Amino acid sequence: MVNPPIYIEKLELIRPNESFQAGLCLCWLTKFNQYEEIVANLDPKEQQYYETLKFEKRIKSYLTGRLAAKKAIAALTGNNNLAKIAIQRGIFTQPIATCEGQPNIQVSISHCEDFGAAIAFPEAHPMGIDLEKIAIKQNQVIEREVTEAEINLIKTFPVPYEKMLTLLWTAKEALSKVLKTGLMTPFQIYEIAKIDLHPNYLLCTYKNFAQYKAMSFFLGKYSCSLTYPMKTELRVDLYSLRKALEICNE
């Protein structure tokens, strides 16, 4: 078994009067035998759904997302028996997590090609994650989902236009996962009001959802955003994350 490039971190979520924890996982899978191990850790309902999948692209995204989600939950709970961690789908296709002895655990999942990402968190502290590949050919598609004010905002940054455009998309998508609306709501409602440039990431705030913010960062050819409550202090070891996943950018 060739171990896939994978990054796992247990995060501290510091609030003014309390604190929580979350589990973060990003992984990169390309080998068929890597998928075999994931299949072995599916629970019966997951296995049943997996057997209905016919197309390689969907099989890859499903298994990559499940690995990231189970590893993120394991990081948060300490339960490393992945077969005992189950991820089902709610009526709006949102992930529903169950883990033995750990009630009220939730998870947000994203996947793109061979890349999977997930964050696990307690129900009391909502979060969302999104991951997208940066591609100029996607510019027109994304531009239909952003406002003129957002276009003007991202043009002020010394970062290629397509990277900032994809960052907007991930920040919006991550918020939609927090709110469990997905693509069913016009993305303009998730308008980004402000973006602050930090040494290793950008911090986005929302025009209509001032109670949330998004930490957005680039992983080579990809953009990733984590959305979480405004008053939470969150630190992610982005140096170690990028180092662990260098292969995904080759």
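No experiment lies behind these values; they were computed from the predicted model shown.

Describing the side chain of Asp43
Then, in step 1: Assignment of secondary structure puts Asp43 in the loop between α1 (32-40) and α2 (44-50).
Then, in step 2: Buried Asp43, no salt bridge; nearest opposite-charge side chain is Lys70, N-O distance 5.7 Å.
Then, in step 3: At a separation of 3.4 Å, a polar atom in the side chain of Asp43 contacts the side chain of Gln88.
Then, in step 4: Dropping the residues within four chain positions of it, Asp43 is found in contact with Lys70, Ala83, Ala86 and Gln88.

As for the sheet that holds strand β10 (residues 212-219)
Then, in step 1: One open sheet holds the 5 strands; their spatial order is β7-β11-β10-β9-β8, and the pairing between them is antiparallel. Each edge of the open sheet carries a strand with a single partner, namely β7 (128-133) and β8 (192-197). Here the strands of the sheet are splayed against their neighbours by 20° on average, with no regard to which way each runs.
Then, in step 2: With 5 bridges joining them, β8 and strand β9 (residues 202-206) adopt antiparallel strand pairing. Across the sheet, the residue bridging to Asp196 is Leu203, located in β9.
Then, in step 3: Docked against the sheet, helix α6 (residues 161-178) engages β7, β8, β9, β10 and β11 (222-229), running at close to 150° with respect to β7.

Looking at the sheet that holds strand β12 (residues 233-234)
Then, in step 1: Strand order in the open sheet formed by 5 strands is β5-β6-β2-β1-β12, and the pairing between neighbours is antiparallel. Either end of the sheet is taken by a strand with one partner, and the two such strands are β5 (105-112) and β12.
Then, in step 2: This element, helix α3 (residues 56-77), spans β1 (6-14), β2 (19-28), β5 and β6 (115-122) of the sheet and lies at about 35° to β6.

A closer look at the confidence of the model for the chain
One rule of thumb: low pLDDT means the predicted coordinates there are not for detailed reading.
Then, in step 1: Chain-level pLDDT for the chain is 92 on average; 96% of the residues reach the 70-or-more range.
Then, in step 2: Of all secondary-structure elements in the chain, the lowest mean pLDDT belongs to α1, at 79, while β9 reaches the highest, 98.

Focus: the pattern of salt bridges
Then, in step 1: By the definition in use, this model includes 10 salt bridges.
Then, in step 2: Taking the shortest distance from any N to any O, the salt bridge between Glu46 and Lys70 comes out at 2.8 Å. A residue pair is termed long-range when its members are at least 10 positions apart, and Glu46 in helix α2 and Lys70 in helix α3 qualify at 24 residues. Of the two residues, Glu46 and Lys70, neither departs from the other in class, the shared state being buried.
Then, in step 3: Between Lys243 and Glu246 there is a salt bridge, with its nearest N and O atoms 3.5 Å apart.
Then, in step 4: Here the salt bridges do not stand alone but share partners, grouping Glu46, Arg66 and Lys70 into one network.

Notes on the pairing of β6
Then, in step 1: Across the 8 residues of β6, 8 count as buried, placing the element largely inside the fold.
Then, in step 2: A two-sided burial pattern is seen for β6, the buried positions comprising Phe115, Ala117, Ile119 and Phe121 on one face and Gly116, Ala118, Ala120 and Pro122 on the other.
Then, in step 3: As judged from the 6 bridges shared by β2 and β6, these two strands associate in the antiparallel manner. Bridge assignment links Leu26 to a residue of β6, and that residue is Ala117.
Then, in step 4: Here β5 pairs with β6 via 8 bridges, running antiparallel. Across the sheet, the residue bridging to Gln106 is Phe121, located in β6.

Description of unusual backbone geometry
Then, in step 1: Residues other than glycine seldom take positive phi values, yet Thr93 does so here, at roughly 70°.
Then, in step 2: In this fold, Thr93 is placed in the loop between β3 (85-89) and β4 (95-99).
Then, in step 3: Not every positive phi belongs to a glycine, and Glu113 is a case in point at roughly 55°.
Then, in step 4: In this structure, Glu113 sits in the loop between β5 and β6.
Then, in step 5: Accessibility expressed as a relative area gives 43% for Glu113, which makes it partly exposed.

Quick look at the environment of Lys155
Then, in step 1: Checked against the element boundaries, Lys155 lands in the loop between α5 (148-154) and α6.
Then, in step 2: Note: C-alpha distance between Lys155 and Leu165 (10 residues apart in sequence) is 9.4 Å.

Some points on the nonpolar core
Then, in step 1: Of all hydrophobic cores here, the largest spans 29 residues; its most connected members are Leu24, Ile119, Leu234, Val236 and Leu241.
Then, in step 2: Ranked by residues supplied to this core, first place goes to β2 with 5 residues.
Then, in step 3: Counting 27 residues, the second-largest nonpolar core is a separate cluster that includes Ala68, Ile73, Leu76 and Ala118.

Cut-off values and rules
Residues numbered from 1 in each chain as written. Predicted model: local features only at pLDDT ≥ 70, side-chain atom pairs only at ≥ 80, totals over all residues. Heavy atoms only, no water. Helix = DSSP H or I, 4+ residues; strand = E, 2+ residues; numbered from the N terminus. Buried < 20%, exposed > 50% of the residue type's maximum accessible area, 1.4 Å probe, protein only. Lys, Arg positive; Asp, Glu negative; His and termini not counted. Salt bridge = Lys/Arg side-chain N within 4 Å of Asp/Glu carboxyl O. Polar contact = N/O pair within 3.5 Å; in protein donor to acceptor, adjacent residues only side chain to side chain. Contact = heavy atoms within 4.5 Å. Pairing = 2+ DSSP bridges. Axes fitted to C-alpha atoms, helices over the stretch in contact; angles between N-to-C directions. pLDDT = per-residue confidence, 0-100. Core = buried A, V, L, I, M, F, W, Y, C linked by side-chain atoms within 4.5 Å.

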